[in-house]
Amino acid sequence: MQELIILLLLGLALGYLGWRAYRSVAVKQAGCGKGCGCEADSTPRVLIRK
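Read on for an overview of the structure. (Residues numbered from 1 in each chain as written. Predicted model: local features only at pLDDT ≥ 70, side-chain atom pairs only at ≥ 80, totals over all residues. Heavy atoms only, no water.)

## A look at the overall build of the protein chain
Heads up, the condition is: Counting from the N terminus, the helices are DSSP H or I runs at least four residues long and the strands are E runs at least two residues long. Exposed residues in this analysis have more than 50% of their type's maximum accessible area, buried residues have under 20%, and partly exposed residues fall in between, with area computed by a 1.4 Å probe over protein chains only. Computed by Shrake-Rupley with a 1.4 Å probe, the accessible areas treat only the displayed protein chains as cover when residues are assessed.
In terms of helices and strands, the protein chain carries 1 helix and 0 strands. A total of 50 residues make up the protein chain; the buried ones form 0% of that total. For the protein chain, the exposed surface amounts to about 5,400 Å²; the carbon and sulfur share of it is 63%.

## Some words on the packing of aromatic side chains
Where we set the bar: Within 6.5 Å between ring centres, the rings of Phe, Tyr and Trp (the latter by its six-membered ring) count as paired, and their orientation is classed by plane angle as stacked under 30 degrees, edge-to-face over 60, tilted in between.
This model, assessed by the stated rule, comprises 1 aromatic pair. Both rings, one in Tyr16 and one in Trp19, keep their centres 6.1 Å apart while their planes meet at 40°; by these two values the pair is tilted. In this pair, Tyr16 and Trp19 are both assigned in helix α1 (residues 2-25), 3 residues apart and thus about one turn of the helix distant. With a relative accessible area of 45%, Tyr16 lands in the partly exposed category.

Following this line, the structure appears as structure tokens:
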């Protein structure tokens, strides 16, 4: 029973490290991804006052 718990914890730790390694090399997108408008926009916005 103790070996099973140790193997489970080891597997979780390795999975977490793998996930962190993947996130460090994955392509990052601009902005936070929540749709709040903080992402980088490629077209400039021009305000025209009348």
